[in-house]
Structures are given as structure tokens and as C-alpha cells.
Amino acid sequence: MRHQVVLIPGDGIGPEICRAMRRVLDAAGAPIEWEERIAGAAAVERYGTPLPEEVIDRIRERRVALKGPLTTPVGTGHTSANVALRQALDLYACVRPTRTLPGVPSRFGAVDLVIVRENTEGLYSGIEHEVVPGVVESLKIVSERACVRISEFAFQYAVACGRRRVTAVHKANIMKKSDGLFLRCARRVAERYPQIEYDEVIVDACCMRLVMQPERFDVLLTDNLYGDIVSDLAAGLVGGLGVVPGANLGSDCAVFEAVHGSAPDIAGRGIANPIATLWSASMMLDFLGEAAAAAALMAAIEAVTAEGKTLTPDLGGKAGTREVVDAVLGRLNP
């Protein structure tokens, strides 16, 4: 059986690392038929919108997509295509595994945690307005439905993946209504999973503990904003955004992506790290039921990093994107 997958190359380094990913999966014989579509800056130039409706429609039909990074202007310009995509497809659960890869320099020995982030509301709802000149109001939308749904996902994920603890990350000491609702829902769901330990941590304390004792955490359950910040912080514990994958999952569709940005400063130079995208592709293969291919790809990635000879500049090496891909292919097809 061949799987039909929508590919969105993205902006900046996106097309380079997506080509690299396709080269690896095609050479490995992954049964995938790619259907390429554009979003982000390229779509704005061609269609006047960062997220054409046809892209959303095709993902709904194919049900699975893999995307490169999409640029979002800071402070001005078009809205985030990433956020719009998650909302349009109701990709309510963002899953970001953060694990130390052998041979990748980091300050900690063995980090292994997963961030489960609510992906559709909170401050990222994008509802804001200027009350009077010089005063802007942003609304944080929190619903019981979304809080229960993401909590259920986190506990089900913990059970399925053999995890031992779920930690809810919050700021309910200050935002007593919104984050208070989030905690009440998480506690209610936790009661149905006695085999999984449950605890809570204020988001600022969570950040402190992550940079001191990351081994204390297992599955972190967060809202939209906290999850975005904490997942980037956690990436810094294991070598940076170039080695951390991500999945956006809903009831009907799934979109896989590396969590890093479009890095326009190094676009076209052939030095972008493809590992995060390759790992995301491995997660996609597992989701598609291609467990053996997913495991083989991860084993090849880890063999390359463990050897330490073929690392990109962000990991302290001198290799380019193509060299890393060649090394991974060498491990896949010795």
C-alpha cells in the first residue's frame, strides 16, 4: 500500500531540507506518493494569502502532510500560516519529543521528555484589538472541551508509549480563571489514569527545573503559548532546534514538521541541519503504520550522530546538508 502525503516545502531552508528528506525516504523505499503544495511567503506572492484554501482541502483529503518551516512576519504582515493550518484542520495536539541523540553535544547526559501542547486556542487564538490608541487587548480563549481533549490525549499518549508521569504546566496562581480551568480538567482526566503519576508545575518554575534537572520530567501537558516556549527551551537541552521533531495531530488529519524556523540567513548555503525533518518523517512513517521503516530511519540517524563525524555547524561540525543525508543513507543501505 502506498500512502499519499501532502508536502509543503515551506520558506527559507524549507525546500532544501524537504528535498533532503525526500531523498532519504525515496532511497529507503518508503511507500509514499508526494503531492507538493505551497504555503507561506511563496503562497503570498502567488495567491495573496499564506495559506490557500486548496492546501487545506488537499490535506483534508490525503489526511497526512509533512511541511517545512513557514515564515511569519514579526509585528506586521500576514498572520501565521502555521497557526491557521492547525486551527483550520483542528490539529489540537502538538507532540514534540525531546531526547538526547548519541554524539550530539549538550549540557545534559540523558534528556528524554515529551511536550504535549494544546494547539488551537489560548493566546494564539489571535483575537486582539486596539482599545484606544496605545492600548491593545489580546484575548486568551480557554474552553473546557479543549482542555479535556488535550488532557485525554496526554494521558493516552503516556499509556501507549510507556511513560510514567504527566505534568501539567500552568500559571493558575495568576490566571485563576483560564489556567484554573485547564488544571481542573487535567485533574479530572488524571483520576481515570491511576497508573500514570500526575503533578503540576507553574510555568516559570518549570523552565527553571528544565535547565537544572530535566530528568525530573516525562510528559509535559501545556497550553498553546507555554508549550511553544517550553518546547524551544527543551530543544536547547539536547542540541537545539535542528534535532527536534514535531507532530500536529487531530481526529482526522496529521501534519508533521520540524520545530525550527525558516532560517533565511543560511538558506541556499547547503548547511541546514536535516535531522529534525528526518526525525519528523520517522514519526510520520510510524503514524502511517510503517513502524519498521520508522525505526530503521531513527537507527540510521542515531548511528550517524553517535559517530560524530558528520554533523552540521549548529552541532559543532563542518558537514553540509548533503553530507548528513549521504551518511544517513549509508546507514540505511550499508
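Coordinates for the structure precede this section.
Treat the numbers as computed from the prediction; the structure is a model and nothing was measured.

Cut-offs applied
Residues numbered from 1 in each chain as written. Predicted model: local features only at pLDDT ≥ 70, side-chain atom pairs only at ≥ 80, totals over all residues. Heavy atoms only, no water. Salt bridge = Lys/Arg side-chain N within 4 Å of Asp/Glu carboxyl O. Helix = DSSP H or I, 4+ residues; strand = E, 2+ residues; numbered from the N terminus. Buried < 20%, exposed > 50% of the residue type's maximum accessible area, 1.4 Å probe, protein only. Pairing = 2+ DSSP bridges. Right-handed = clockwise from strand over helix to strand, strands pointing away.

*Asks:* Teacher, can you tell me more about the pattern of salt bridges here?
*Replies:* Where charged atoms from two side chains of opposite charge come close, those side chains can pair. Under the definition given, this model contains 27 salt bridges. Of the charged contacts, one joins Asp326 and Arg23 as a salt bridge, the two residues approaching to 2.4 Å between their closest N and O atoms. Taken together, the residues span a long stretch of sequence, with Asp326 in helix H11 (residues 321-332) and Arg23 in helix H1 (residues 14-27) at a distance of 303 residues. Note that Asp228 is salt-bridged to Arg117, the shortest N-O span being 3.8 Å. Placement of the pair is Asp228 in helix H8 (residues 224-236) and Arg117 in strand E5 (residues 112-118), with a sequence separation of 111 residues. Judged by relative accessible area, which is 1%, Arg117 ranks as buried. Salt bridges here are not isolated pairs; linked through shared partners, they connect Glu35, Arg37, Arg58, Glu61 and Arg62.

*Asks:* Teacher, can you tell me more about the pairing of strand E9 (residues 197-202) here?
*Replies:* The side chains of a regular strand alternate, first on one face of the sheet and then on the other. Inspection of the sheet shows strand E8 (residues 165-170) paired to E9 by 6 bridges, in the parallel sense. Note on E9: the bridge partner recorded for His170 is Ile202. Assessed by its sense of winding, the connection that carries the chain from E8 through helix H6 (residues 178-190) to E9 is right-handed.

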